[in-house]
Amino acid sequence: MLKGKHIILGITGSIAAYKAAYLIRGLVKRGAEVQVVITPAGKEFITPLTLATLSCHPVISEFFSNRDGTWNSHVDLGLWADAMLIAPATASTIAKMANGVADNMLVTTYLSCKAPVFVAPAMDLDMFAHPATRANLARLRSFGNRIIEPAEGELASHLVGKGRMEEPDRIIEALENYFAVREELKGKKILITAGPTYEKIDPVRFVGNYSSGKMGFALAEVCAERGAEVTLVAGPVALEVSNPRIKRVDVESAGEMYRAASDAFPDCDAAILSAAVADYRPESVAERKIKREKEREMTLRLIPNADIAASLGAVKREGQIMVGFALETDDETLHAMDKLRRKNLDFIVMNSLREKGAGFRCDTNKVTIIDKTGEETSYPLKSKREVASDIIDKLVTFSRWER
Ligand code: CTP
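Residues numbered from 1 in each chain as written. Predicted model: local features only at pLDDT ≥ 70, side-chain atom pairs only at ≥ 80, totals over all residues. Heavy atoms only, no water.

## Points about the overall build of the chain
Counting its secondary structure elements, the chain contains 13 helices and 21 strands. Dimensions along the principal axes, computed over C-alpha positions, put the chain at roughly 85 × 50 × 40 Å. Counting over 403 residues, the chain shows a buried share of 48%. Taking contacts inside the chain between residues at least 6 apart in sequence as the whole, the part at least 24 apart equals 66%. If you sum the accessible surface of the chain, you get close to 20300 Å²; carbon and sulfur atoms cover 50% of it. (Helix = DSSP H or I, 4+ residues; strand = E, 2+ residues; numbered from the N terminus. Buried < 20%, exposed > 50% of the residue type's maximum accessible area, 1.4 Å probe, protein only. Contact = heavy atoms within 4.5 Å. Areas by Shrake-Rupley, 256 points an atom, 1.4 Å probe, with all protein chains shown as cover.)

## Structural notes on the site of the ligand
Every one of the 13 residues lining the ligand counts as a neighbour, but Leu273, Ala275, Ala309, Lys339 and Lys343 are closest to it. The backbone of Ala275 places a nitrogen or oxygen atom 2.7 Å from an oxygen atom of the ligand. For the ligand, whose unbound accessible area comes to 560 Å², protein coverage reaches 78%. Of all the secondary-structure elements, those providing two or more residues to the shell around the ligand are α11 (308-315), β16 (321-328) and α12 (332-342). Its residues assigned to classes, the shell around the ligand shows seven nonpolar, one polar and five charged. (Near = heavy atom within 4 Å. Polar contact = N/O pair within 3.5 Å; in protein donor to acceptor, adjacent residues only side chain to side chain. Nonpolar A, V, L, I, M, F, W, Y, C, P; charged D, E, K, R; others polar.)

## Quick word on the sheet that holds strand β11 (residues 229-234)
Hydrogen bonds along the backbone pair up the strands of a sheet, which may run parallel or antiparallel. One open sheet accounts for eight strands, arranged β12-β11-β8-β13-β16-β17-β19-β20; its pairing is mixed. Here the strands that pair on one side only, and so sit at the sheet edges, are β12 (246-250) and β20 (376-378). Neighbour-to-neighbour, the strand axes of this sheet turn through a mean angle of 15 degrees, independent of strand direction. Examined bridge by bridge, β16 and strand β17 (residues 347-352) share six bridges and lie parallel to one another. Of the residues in β17, the one forming a bridge with Phe325 is Val349. (Pairing = 2+ DSSP bridges. Axes fitted to C-alpha atoms, helices over the stretch in contact; angles between N-to-C directions.)

## A look at a nonpolar patch on the surface
On the surface, Ile15, Tyr18, Tyr22 and Phe45 cluster together to form a nonpolar patch covering roughly 430 Å² of accessible area. Position of Phe45 relative to the elements: it lies in the loop between β2 (33-38) and α2 (48-55). (Patch = residues over 30% accessible without salt bridge, like charges linked within 9 Å, V, L, I, M, F, W, Y side chains within 5 Å. Salt bridge = Lys/Arg side-chain N within 4 Å of Asp/Glu carboxyl O.)

## Overview of unusual backbone geometry
Here Ala87 and Pro88 are connected by a cis peptide whose omega angle stands at 0 degrees. Relative to the helices and strands, Pro88 resides in strand β3 (residues 83-89). Phi angles above zero are rare outside glycine, and Cys56 is one such case at about 60 degrees. Tracing the sequence through the fold places Cys56 in the loop between α2 and α3 (74-80). Residues other than glycine seldom take positive phi values, yet Asp331 does so here, at roughly 40 degrees. One can find Asp331 in the loop between β16 and α12.

## With respect to the packing of helix α10 (residues 254-264) against α11
When two helices pack together, you describe them by how their axes are tilted relative to each other and by the distance separating the axes. Close contact between α10 and α11 brings their axes to 10 Å; oriented N to C, the two are set at 25 degrees. On the basis of the axis angle, α10 is roughly parallel to α11. Here the hand of the crossing between α10 and α11 comes out right-handed. Contact with α10, carried on its side by Ala254, Met257, Tyr258, Ala261 and Ser262, involves Ile308, Ser311 and Leu312 of α11 and no other residues of that element. Among the residues forming the contact of α10 with α11, the class breakdown is six nonpolar, two polar and no charged. (Parallel < 35°, antiparallel > 145°, perpendicular 65-115°, else oblique. Left-handed = near helix turned anticlockwise from the far one by under 90°.)

What follows is the structure, given as structure tokens:
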């Protein structure tokens, strides 16, 4: 998994810096190319000569060489990398990264780096437990950086607690897992519907619902990160996609969503129907804005929309996987199982409006996945991104696509 991968190894001033030698050896042994960037304090703990010898590359520490003025481009380095690993990461470097304090080559490179970043903290237990460190790590997580939690054990101070940098083999394992997962959906095409639909009443009004589209967009990002080509059919939402492997098709009504999803489906390996599609639409759309007629009631006559999931389920090919959603308020499992059968789904992601933090308009979700064999798995309250990861894990194991 690491063969040919470009890894920037950032080393900072901690006694755990000696373990960087084992890290380099392990990475190089697995075929990775390692470029070390070290902070001035890091050099007090391990010599550049050791690191350069093991990595077969000169070690970078300063912005330019004192000898001949050669400029070390942190931008080029950031673009070269497939991953950046900061191990050991001290409390001070973590704080600088969290706040963009670019006063050394390591943090500058971090800020220029487009590749995923792994951080392996190393510090005394009280420093690790301090709210400042906790907040800085939470901030790095919010940037999408991956924190490799330190282990418990005897620390340099001879105190025992959490703060020891994770062992090199485990850190390398985290990188390997990342690259393995990144390729697990390579070559797969996945259709995702997301968001609400708006059904026009007149030029200024519509029938809609509270769906934000966040769950569907998180699914699209996770699928694309794992190598899939995604077609994301999105109802009206205020969200952006960032991965170039996501082809976004914006629609407004259930009818438009139906057409876009039906076009994309035959070519797809899987479809995830997360949109909150309006079941009905006004029978007719007024050409002009409907005026208020003071004392008279107004009746809006609604006619049914096509059921996108059921229509795709009816033409599903052998080997195509379909995933649906069920947001319920009562008899959740019963309703969800009924939908799974009616729409010919392979599994259904059920959430209940009775659960706090689940459903529409929030960043979290609490789901239970039920598959067509009747297997049921309940997950705790998680961010929608983490829930998306769980759903895609299930998709990969259920479909028996190679991991
Ligand atoms: N769905 C769809 N097209 C529709 C309605 C629903 O594709 N017209 C999909 C949703 O994206 C979801 C699943 O079907 O994956 C279940 O949606 P839901 O609205 O709960 O199902 P309905 O069959 O409309 O049932 P209900 O009577 O509870 O509204």
